[in-house]
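The residues making up each chain are set out below.
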2 protein chains.
Amino acid sequence: MTRTALASLDAVLRAGGPHLPGLMGRVEERLRELAVGHGPLLAEHAEMTVAAGGKRLRPLLVFLGAGEPSGDGLSVGAVRAAVAVELIHSATLVHDDVLDDAELRRGRPSVVATAGRGIATATGDLLFSRAFAELTRNGRAEEVRVLSAASSALAEGELLQRADAWSADVDPDRYLQRCELKTAALFAAACELGALEGAPDRVSAAGELALFGRRVGLAFQLLDDVLDVSGSPEHTGKRRGADLLDGTVTLPLILARQKDSALAQLDLRTIRSEQAAAELCDRIEATGAVAQARERALGIVSAAKAELPDLEPEQRSALELVADAVVERYA
Amino acid sequence: MTRTALASLDAVLRAGGPHLPGLMGRVEERLRELAVGHGPLLAEHAEMTVAAGGKRLRPLLVFLGAGEPSGDGLSVGAVRAAVAVELIHSATLVHDDVLDDAELRRGRPSVVATAGRGIATATGDLLFSRAFAELTRNGRAEEVRVLSAASSALAEGELLQRADAWSADVDPDRYLQRCELKTAALFAAACELGALEGAPDRVSAAGELALFGRRVGLAFQLLDDVLDVSGSPEHTGKRRGADLLDGTVTLPLILARQKDSALAQLDLRTIRSEQAAAELCDRIEATGAVAQARERALGIVSAAKAELPDLEPEQRSALELVADAVVERYA
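All figures in this text were calculated on a predicted structure; none of them were measured in a lab.

Cut-offs used in this document
Residues numbered from 1 in each chain as written. Chains lettered and ligands numbered in written order. Predicted model: local features only at pLDDT ≥ 70, side-chain atom pairs only at ≥ 80, totals over all residues. Helix = DSSP H or I, 4+ residues; strand = E, 2+ residues; numbered from the N terminus. Rg over C-alpha atoms; globule rule 2.2 N^0.38 Å. Buried ≥ 20, exposed ≤ 12 C-beta atoms within 10 Å, placed from the backbone. Contact = placed C-beta atoms within 7 Å. Nonpolar A, V, L, I, M, F, W, Y, C, P; charged D, E, K, R; others polar. Expected span 1.5 Å × (residues − 1). Arc of directions from axis to C-beta. Least-squares fit on C-alpha atoms with pLDDT ≥ 70 in both. Core = buried A, V, L, I, M, F, W, Y, C linked by C-beta atoms within 7 Å. Domains from an automatic or database assignment. Axes fitted to C-alpha atoms, helices over the stretch in contact; angles between N-to-C directions. Parallel < 35°, antiparallel > 145°, perpendicular 65-115°, else oblique. Left-handed = near helix turned anticlockwise from the far one by under 90°. pLDDT = per-residue confidence, 0-100.

Draft legend 1. Here's a closer look at the overall build of chain A. Scanning chain A for helices and strands turns up 17 helices and two strands. A globule of 331 residues ought to have a C-alpha radius of gyration of about 20 Å, and chain A, at 20 Å, matches this closely. Its C-alpha atoms put chain A at 65 × 45 × 35 Å along the principal axes. A burial count over chain A gives 53% of its 331 residues as buried. Counting only contacts in chain A whose residues sit at least 6 apart along the sequence, the fraction spanning at least 24 positions is 74%.

Draft legend 2. Structural detail: the interface of chain B and chain A. On the chain A side, the residues contacting the 34 residues of chain B number 34 residues. Those elements that place two or more of their residues in the side of chain B that touches chain A are helix H5 (76-100), helix H6 (111-136) and helix H7 (141-163) of chain B. Split into classes, the residues belonging to the side of chain B that touches chain A amount to 16 nonpolar, ten polar and eight charged.

Draft legend 3. Structural view of the environment of tyrosine 175 of chain B. All names here are of chain B. Along the polypeptide, tyrosine 175 turns up in helix H8 (residues 172-197). The spatial distance from the C-alpha of tyrosine 175 to the C-alpha of threonine 250 is 6.8 Å, given a sequence separation of 75 residues. Sequence-distant contacts of tyrosine 175, defined by excluding residues within four places in its chain, comprise Val170, Thr250, Leu251 and Ile254.

Draft legend 4. Local environment of helix H2 (residues 20-36) of chain A. All names here are of chain A. Here H2 spans 25 Å end to end across 17 residues, near enough to the 24 Å set by a 1.5 Å rise per residue. Listed in full, the buried residues belonging to H2 are Leu23, Val27, Arg30, Leu31, Leu34 and Ala35. Across the axial projection of H2, the buried residues extend over an arc of 135 degrees, all falling on one side. Of the exposed residues in H2, the ones pointing more than 90 degrees away from its buried face are Gly22, Gly25 and Glu33.

Draft legend 5. Expanded view of the relation of the copies chain B and chain A. For the pair chain B and chain A, the superposition axis carries a translation of 0.0 Å, the fit reaches an RMSD of 0.0 Å, and the rotation angle comes to 180 degrees. Expressed as a symmetry operation, the mapping of one chain copy onto the other fits a two-fold axis. Of every C-alpha in chain B, the one belonging to alanine 141 of chain B sits nearest the axis of rotation, 2.7 Å from it. The overlap is high: 100% of the interface residues of chain B also sit at the interface in chain A, so the same surface is used on both sides.

Draft legend 6. Examining the nonpolar core more closely. In terms of nonpolar packing, the biggest core is built from 210 residues, with Val322 of chain A together with Val322 of chain B touching the most fellow members. Both of domain 1 (10-139) and domain 2 (141-311) of chain B provide at least three residues apiece to this core. When neighbours within four sequence positions are excluded, valine 322 of chain A is seen to be in contact with Val12, Leu60, Leu61, Leu64 and Val216 of chain A.

Draft legend 7. Spatial organisation of the packing of H5 of chain B against H6 of chain B. All names here are of chain B. Direction vectors running N to C along H5 and H6 enclose 155 degrees, while the axes themselves pass 8 Å from each other. Here H6 runs roughly antiparallel to H5, going by the angle between their axes. Once H5 is placed against H6, the crossing between them reads as left-handed. When its residues are assigned to classes, the contact of H5 with H6 shows 15 nonpolar, five polar and five charged.

Draft legend 8. Quick look at the packing of helix H13 (residues 251-259) of chain A against helix H16 (residues 289-306) of chain A. All names here are of chain A. Contact pair H13 / H16: the axes reach a minimum separation of 8 Å and the direction vectors enclose 125 degrees. Our classification of the angle between H13 and H16 gives oblique. Where H13 crosses over H16, the two elements pack in a sense that is right-handed. Of H16, the residues touching H13 (which contributes Leu251, Pro252, Leu255, Ala256 and Lys259) are Ala289, Val290, Gln292 and Ala293. Per-class residue counts for the contact of H13 with H16 are seven nonpolar, one polar and one charged.

Draft legend 9. Highlighting unusual backbone geometry. Positive phi values are uncommon outside glycine, yet tryptophan 166 of chain A reaches one of about 65 degrees. For tryptophan 166 of chain A, the location among the structural elements is in the loop between helix H8 (141-163) and helix H9 (172-197).

Draft legend 10. A look at the environment of phenylalanine 187 of chain B. Residues and elements named next belong to chain B. Considering the arrangement of structural elements, one finds phenylalanine 187 in helix H8. A tally of 29 C-beta atoms within 10 Å means that phenylalanine 187 is categorised as buried. In this structure phenylalanine 187 touches Arg58, Leu61, Gly213, Arg214, Val216 and Gly217, once residues within four positions along its chain are discounted.

Draft legend 11. Quick look at H7 of chain B. Between its first and last C-alpha, H7 of chain B extends 33 Å over 23 residues, near the 33 Å set by a 1.5 Å rise per residue. Here H7 of chain B lies mainly inside the structure; 18 of its 23 residues are buried.

Draft legend 12. The environment of alanine 163 of chain B, seen in detail. Looking at where alanine 163 of chain B falls in the secondary structure, it is placed in helix H7. When the 19 C-beta atoms within 10 Å are taken as the criterion, alanine 163 of chain B is described as partly exposed.

Draft legend 13. View of the confidence of the model for chain A. Residue and element names in this part refer to chain A. Looking at chain A, the pLDDT average stands at 88 and 91% of residues meet or exceed 70. Confidence drops under a pLDDT of 50 for residues 1-5, and excluding neighbours within four residues, the segment shows twelve contacts in the predicted structure. Scored by ipTM, the complex comes to 0.87, with pTM at 0.90.

Spelled out as structure tokens, the structure:
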């Protein structure tokens, strides 16, 4: 995932209602409390990842799913759900860095680079466990069910990605299934948890809000994969074709292979230099596959917006702005 | 942990009541279902660990904590709790193997040896997530709280162990704290979850049963660490001093350092061969520290048995037999 800031998320915060900045602030506070409040071991390693920032897109989706709190609502439950979702996300980042031997995370040294594989793996496990501990405080088994399904999906997506690495046989459906699992499921869970913590009359919209989140997450991952092929390093903070060098087969390559028979024959393992990766990106772009993948993502975002359920105007426009923000990362 | 079979667990199964073998069989069935029923990705890697056997000591503790089911009770909830606890245990085994680059687990090739670090880490994450998914089906937030606290403790224990590796400053209290976190907490959770799924009039004993589980788990870990120093490889399936070679500072070494000033000065990093590790084990034994550590474990087991709450005679004697079985591993 690129580190491109979602500057337009500020617009979401403004549109979503005056309560949002306060709630997002409470998420930061609680993440910091959890990082420093459980002894020096967690603090030392987890603080780097958890409290070091990030876009907090998933917590934002929780609050947008919940809508504006009613008069007496302190949104304690929604804050817990937002914290839990971000903890799951942070746990997967820590584990991803272990697997990729990544040096940096959110612009700082990664846990694995600082403390080694053992501590990084245990730190990720701890963040996972804390996520469930935090959400459980809401006392609602249904919410835990939603979170555990999403965190299962994340792990399955990771397994699928590794099973399909370097493969020439990944078709668009299999690719989309992987994106559903590794990205869209947690976006969906964020929206659904928000709805479950929202006003009682909005709980009925939980399924539709989950679908919105799923679609936005799917588009987010598609556009991320498009950026890997076509984005400038200045924009994405990553070298072009980093996924290809990792053996990760994404939609632009899959579509390009359908159009360019030489690409269809290419063994991804032969791409071993940044130069070769950049040239492969150029060839993929030349087939029109990048534009096609991007169109597909935009279509998914349109559907997400078009099929939003009946909501308060503020909630609706904030959700639409989030969907737009995902697209604007690409521009 | 050694692979020494707890043959005396058969006696527990006989003593605990005619319902126990059936319940343990359902745990096996469900673990197998979960391993093969979620697509080929999980099946391929998780089946090896989850369904490949093991002593199933933690599921047994769940059922012993619950006591004999009442007439209409199908123990569905207790089976789920037992499965969840075993899944958490399996997840930590898979991750531990990643960290240790272990070749074998339960006599079979480990996931990391077969499929690599990436897939093994994701498989562990998936088993974690499935544990919570399984337990959540009971619909009781309190149970999820118990499990998430225990799985947090496991990860914290792992962090503590790594933080203290090779250290000459680990005192007995710090060592015991680590054992509480990495082993005793899940034993305690197993007993407590069982009590929460037991007959309503036994739920009040949940705290006392948790304390029993904590003590048995603590003794289990202590004796495991004693075996590392004094056990014969034929008995333990491991070479003597494997912990010492890993830099893991355990109670026999800590106590021996208090008695032998040359040992107190020893830098564990200088122990690099099996021969050197075996010689160090001999020196530790010569101080009487092994016997002392063993006495401490036996004292903990005695306290566990002595302070069992008021229970049905069958439940009580089965719990006592489990405590004895933990000691008999040593004999």
